[in-house]
Each structure stands twice: as structure tokens, then as C-alpha cells.
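Summary of the model geometry
Listed here are the chains, written in short residue letters.
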Amino acid sequence: MKKRENRQGGVRARLLPGIILICFAALLLGGCGKVRSPKSLARQAKSTYGPCTVVSTTQIDKITKVVLRDKLQDFEYSIWSQMSEIWIDGTSFGSLPGTHDDFKSSLQQKVLQDLTAEIDQACKDAGVDYEAGDGTYNILIIRTDDAAAAEKAACKCAELIQTENKKNRMDGLTITAYGKDAEEWFHSNYHYGSVRLPATSWRTVADEQVDYYTEMAQQQTDPKAVYVRSQAGTFRDTGADLDRVVHVLGSTYPEKSDDPVMFYYFQSSKGKEYYLCDFNYYEKDSSRYAWYTNYTP
């Protein structure tokens, strides 16, 4: 572990000057920086989420906030621009404006409120508990100690929520099912699976993994990569260097040649088959890392 920590320290030392230069360049290009105008924020909201009307605007020294009403589903949300200070190793390098909004969480809240009676009944019929999600990835969380009941409730709730998925603005949100134990729900044994909109069919944990690594393959290798199959193997099968495996805190990663590795096979847009493995791997100079793959353009 000491060797890895030293390597990461060296990488950090090499990257820090570049990061500082980037920050200074951004500050120079943007001048001292200033928050955006209400009109500019309203235009962005309309372009991103669809027709809306302005409810109110607030402008103070370091923040501009606009409250809008979505015309399609009749709910309010906010978009704001504010100055955020740049800190690197305890040193301030000025501040830059950033734009944020709460559209997704506001839409989810609106939909769950409108469907409260139906969701209550669906979960009651299945004998499960539920709660609102985090406003980003999960729209709904099902809790039960019965795997079959979890699947039934999640699929029914997905069908209900999908009826309010206007113009696919909630695509990618999930209804996720866990065990009831509040201390253990995050462990795999207490995670049953999920449904991801716009689909309303059940995904097992294995299905979720396939979906995840497919997204990683499309981001890292070929945007048109198509999943083919999965195959269990060992680190030795990769022919990779153990010393270049990234040790990610809180995750499992191979430490010995015989440690298990999952191979996810894909077909590229050129018809060539390749794989992506479930561990991260440093480039030769340790400057960057990504999922280990034998992909070649």
C-alpha cells in the first residue's frame, strides 16, 4: 500500500501545476467572473427542460436565482447562478460562476405527490414499505425482506410513474429495492434489484452490472458498443500488471493473480469483439486510469 500511496503522491505533484494553470486560464478568459442574468438563466431552462414561465427572480451580489413554472406538468423549480471559490490545497485561486438547478428533484416530487394514493395502494398490496428517493438517481426506494414482493412492487410503481414520464424527462431514474435492515441495506445481500425508466421490467443485480459496464464501455471505448456476454475469470487471464491496479477505497479489486475478475464482452461499431473488466487500471505513467480493457480503436 505504501508504494501505491507514494505513486499517487507523485502523480498529484505532477498534476497540481497543470490544475493551477487551468484555473488561472479560466479566470483570465472569464475576467473576474460574474453571475448570469435572469434572462440568460430563463433561456437555458427553457432550452433544457421545455416551455416555462418566470415566477420570480432574486439578484444579490453573488447569486442570481429564477423560479420558473413548468408548463408541461405544472410545477415550480429553480435555476440559479452563483460564484464559487476555487480552493486547491487550502489556497484560494479566485472564484468562478456556476449554474445549477433543481428541476429533476422538483419534477420527481411533483410526480410522487400526484401518484401518492396509487403508489400507497401498490405497496400495500405487495406488503412492502417505500420512501422517496434521493432526487437524483433513485425516484423511489422499496424496502422489504421478501424478494418476490420487492419485484412486484417495483414493477407496479414503475408502471405508475412511467405514465407521468412526459417527453421522457425522467428516463434513467430507478425504483430500487432493498432489505429492511437500516444498517445493512447497502450490502449486496440486501439489494434485490431495480427498475429503470422508461422500462417497467425488473433488473436483477446481475442485469444492473451489465447495464453499468455497458455505459462505461460506451463512454470509455466505443459509443456504439453492444453488449455480447459476461464471463468470470481471474486476474491472471488479463495479462495485466498487478502493480497498476487502482486501489479504490470501499470497493473490491484484484490483489493476487488468482483473484476473480469479471469480463464483459462487447462488439464495437467495427464488428470487433473486446472486453472491459471490473477493475480500474493505471496508464503506464500513472497520470490517468480507467476500466481495464483490451479495446483498440
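As shown above, the structure is provided for reference.
Residues numbered from 1 in each chain as written. Predicted model: local features only at pLDDT ≥ 70, side-chain atom pairs only at ≥ 80, totals over all residues. Heavy atoms only, no water.

1. Brief notes about the pairing of strand 7 (residues 174-178)
In terms of residue burial, strand 7 counts as a mostly covered element, since five of its five residues are buried. Every second residue of strand 7 is oriented toward a common face, with Thr174, Thr176 and Tyr178 on one face and Ile175 and Ala177 on the other, all of them buried. Tracing the backbone out of strand 6 (residues 138-143), into helix 5 (residues 147-162) and back to the parallel element strand 7 gives a crossover that is right-handed. As paired elements, strand 7 and strand 8 (residues 191-196) share five bridges and run antiparallel to each other. (Buried < 20%, exposed > 50% of the residue type's maximum accessible area, 1.4 Å probe, protein only. Helix = DSSP H or I, 4+ residues; strand = E, 2+ residues; numbered from the N terminus. Right-handed = clockwise from strand over helix to strand, strands pointing away. Pairing = 2+ DSSP bridges.)

2. Describing the sheet that holds strand 7
Strands sit in the order 5-6-7-8-9 across an open sheet of five strands; the sheet is mixed. Across the chains shown, the open sheet's two edge strands, defined by having one partner strand only, are strand 5 (129-132) and strand 9 (203-204).

3. Some thoughts on the nonpolar core
Among the nonpolar cores identified, the biggest contains 40 residues, and Ile119, Leu140, Ile142, Ile161 and Ile175 are the most heavily contacted of them. Per-element tally for this core: the top contributor is helix 5, with nine residues. Apart from the residues lying within four places of it in its own chain, the contact partners of Ile175 are Ile139, Leu140, Ile142, Ala154, Ala158, Ile161, Gly193, Ser194, Val195 and Leu197. (Core = buried A, V, L, I, M, F, W, Y, C linked by side-chain atoms within 4.5 Å. Contact = heavy atoms within 4.5 Å.)

4. A closer look at the packing of aromatic side chains
Counted by the stated rule, this structure contains 20 aromatic pairs. Taken together, a centroid distance of 6.5 Å and an interplanar angle of 25° make the contact between Phe263 and Tyr265 stacked. Take Phe263: its relative accessible area is 5%, and that puts it in the buried class. Judged by relative accessible area, which is 14%, Tyr265 ranks as buried. Geometrically, the ring pair formed by Phe263 and Tyr275 is edge-to-face, given 4.8 Å between the ring centres and 80° between the ring planes. Residue Phe263 is found in strand 11 (residues 260-267), and its partner Tyr275 is found in strand 12 (residues 273-282); the two are separated by 12 residues along the sequence. Members of the aromatic cluster, joined through ring pairs, are Tyr49, Phe75, Tyr77 and Phe103. The ring of Tyr265 carries the charged tip of Arg229 above its face, separated from the ring centre by 4.0 Å. (Phe/Tyr/Trp six-rings, centres within 6.5 Å; stacked < 30°, edge-to-face > 60°. Lys NZ or Arg CZ within 6 Å of the ring centre and 35° of its normal.)

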